[in-house]
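Each chain, written out:
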Amino acid sequence: MTNAEEKNILTNKDSNIAITSEEEPVLSLLVKPNPKLHVCVNDFTQRCARSLKYFLPGTRISFLKQVSDWLNSPEMQKEENFGTEHKKQKNNRTIFWLSGDAGTGKTIMSSRLIQLEYNHSLIGWHFCSHTNILQNSTVSIIESVSGMISANLPEYDAAISDLDQDELKEAKEKNDSMKVFELLFTKPLNKMAPPTDINGKICPKLIVVDALDEIYEIYLEEFLRIIRDGCSELPSWVKIFITSRRYDIIKKYLFAKVSFTIAGTFVVWMQYALMHSCLLQNKMKLLLERE
């Protein structure tokens, strides 16, 4: 190994994971929402950038392919999936749940997915954190993601043109998160025709929600109801990628109800996800020391 190559490898003392010094430009996640929504959009630029520092190029290829296959499943192109409410969810897996213990790389994978799909299918994202209660209330998450959708999906602006501001304000004052979700997600997204490319192929749209288990306890169950009941009413071209630890309350909501089973849940369990990468980098460190 040359001196130049050796200098290009740094070791994070806290994690013992080697990272390259040649970093990609920071992906800006700050967007400007439609002012009609009157919502506050969270900026996760630095949160995503920090996680991406620990992503090792060339790893997790099989996992990312699983996500890509789910996102672009052949069922997306079948007209019968866009008929009745039952049909449009029956044959399409709308939820991808990545679960695993702490430190298995779930947030890294969320960040990598956001990076890969930013200029493609991605329309909304949220990183939950137990250190910011207000940012992680159910209503604030719904509002922030809806603002991102308005900035990334032009057709959404037309769909909210008749949004009843008084009804939305009342729902917020009552902290009626399901009503807020209906007004900002269910109604406008169902009014839209499925997005297509120039060849008429349906283009799925992706929402990423990372670390559900970090939502403050008083909001967690409320948010899980939105995922279980509210998301089953969304059109099939809307795909939701979520991550969390495998907590009993989360499993209860994700597997408890028939409506969610119909919507389809694709579950991946990450166990010791970073072990191979850590071992690989430790070997590289030993080689460097020998040199």
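Reading the values: the criteria
Residues numbered from 1 in each chain as written. Predicted model: local features only at pLDDT ≥ 70, side-chain atom pairs only at ≥ 80, totals over all residues. Heavy atoms only, no water. Core = buried A, V, L, I, M, F, W, Y, C linked by side-chain atoms within 4.5 Å. Buried < 20%, exposed > 50% of the residue type's maximum accessible area, 1.4 Å probe, protein only. Contact = heavy atoms within 4.5 Å. Helix = DSSP H or I, 4+ residues; strand = E, 2+ residues; numbered from the N terminus. Salt bridge = Lys/Arg side-chain N within 4 Å of Asp/Glu carboxyl O. pLDDT = per-residue confidence, 0-100. Phe/Tyr/Trp six-rings, centres within 6.5 Å; stacked < 30°, edge-to-face > 60°.

**Here's the deal with the nonpolar core**
Then step 1. Core analysis: the largest hydrophobic core is formed by 70 residues, its most contacted members being Trp125, Phe185 and Phe241.
Then step 2. Excluding its chain neighbours within four sequence positions, the residues that come into contact with Trp125 are Leu29, Val31, Phe44, Ile114, Tyr118, Val145, Met148, Asn152 and Val208.

**Structural notes on the environment of Leu64**
Then step 1. Note on placement: Leu64 falls in helix 3 (residues 61–71).
Then step 2. The exposure class of Leu64 is buried, given its relative accessible area of 17%.
Then step 3. Between the alpha carbons of Leu64 and Leu113 there is a distance of 7.8 Å; along the sequence they are 49 residues apart.
Then step 4. Non-local contacts of Leu64, meaning those with residues more than four positions away in its chain, are made with Met109, Arg112 and Leu116.

**Some words on unusual backbone geometry**
Working note: non-glycine residues mostly have negative phi, and peptide bonds are mostly trans.
Then step 1. Phi angles above zero are rare outside glycine, and Asn175 is one such case at about 55 degrees.
Then step 2. As for its placement among the helices and strands, Asn175 is situated in the loop between helix 8 (165–173) and helix 9 (177–191).
Then step 3. According to the relative accessible area criterion, Asn175 is partly exposed, its value standing at 40%.

**Examining the environment of Lys32**
Then step 1. With respect to the secondary-structure elements, Lys32 resides in the loop between strand 2 (18–20) and helix 2 (45–52).
Then step 2. Its relative accessible area of 74% is what places Lys32 among the exposed residues.
Then step 3. Between the alpha carbons of Lys32 and Ser150 there is a distance of 8.4 Å; along the sequence they are 118 residues apart.

**Focus: the pattern of salt bridges**
Then step 1. The final tally for this structure, using the stated rule, is eleven salt bridges.
Then step 2. Among the ionic pairs, Glu182 bridges to Lys187, the shortest N-O distance being 3.4 Å.
Then step 3. A relative accessible area of 27% means that Glu182 is categorised as partly exposed.
Then step 4. Classification of Lys187 by relative accessible area gives partly exposed; the value is 40%.
Then step 5. Residue Lys251 is joined to Asp248 by a salt bridge in which the shortest nitrogen-to-oxygen separation is 3.5 Å. With Lys251 and Asp248 both in helix 11 (residues 248–255) and three residues apart, this pair spans about one turn of that helix.
Then step 6. By relative accessible area, which is 27% here, Lys251 ends up partly exposed.
Then step 7. Looking at Asp248, the relative accessible area reads 60%, which means it is exposed.
Then step 8. A cluster of three or more residues bridged by salt bridges with shared partners is formed by Glu167, Lys179, Glu182 and Lys187.

**Brief notes about the confidence of the model for the protein**
Then step 1. Here the protein averages 77 in pLDDT, while 72% of its residues score no lower than 70.
Then step 2. This model gives residues 79–92 a pLDDT under 50, and the stretch forms 40 contacts once residues within four places in sequence are excluded.
Then step 3. Contacts for the low-pLDDT stretch residues 271–291, under 50 throughout, to residues beyond four places or in other chains number 21 contacts.

**Some thoughts on the packing of aromatic side chains**
Then step 1. Taken as a whole and judged by the stated rule, the model has six aromatic pairs.
Then step 2. Measuring from centroid to centroid gives 6.0 Å for Phe63 and Phe96, while their planes differ by 85 degrees, and the two rings are edge-to-face. With Phe63 in helix 3 and Phe96 in strand 3 (residues 95–100), this pair connects stretches of sequence that are 33 residues apart.
Then step 3. In this structure Phe63 comes out as buried when scored by relative accessible area, which is 6%.
Then step 4. Accessibility expressed as a relative area gives 0% for Phe96, which makes it buried.
Then step 5. Aromatic side chains Trp70 and Phe96 sit 5.2 Å apart centroid to centroid with 65 degrees between the ring planes, which places their arrangement in the edge-to-face category. In this pair, Trp70 is assigned in helix 3 and Phe96 in strand 3, connecting sequence segments 26 residues apart.

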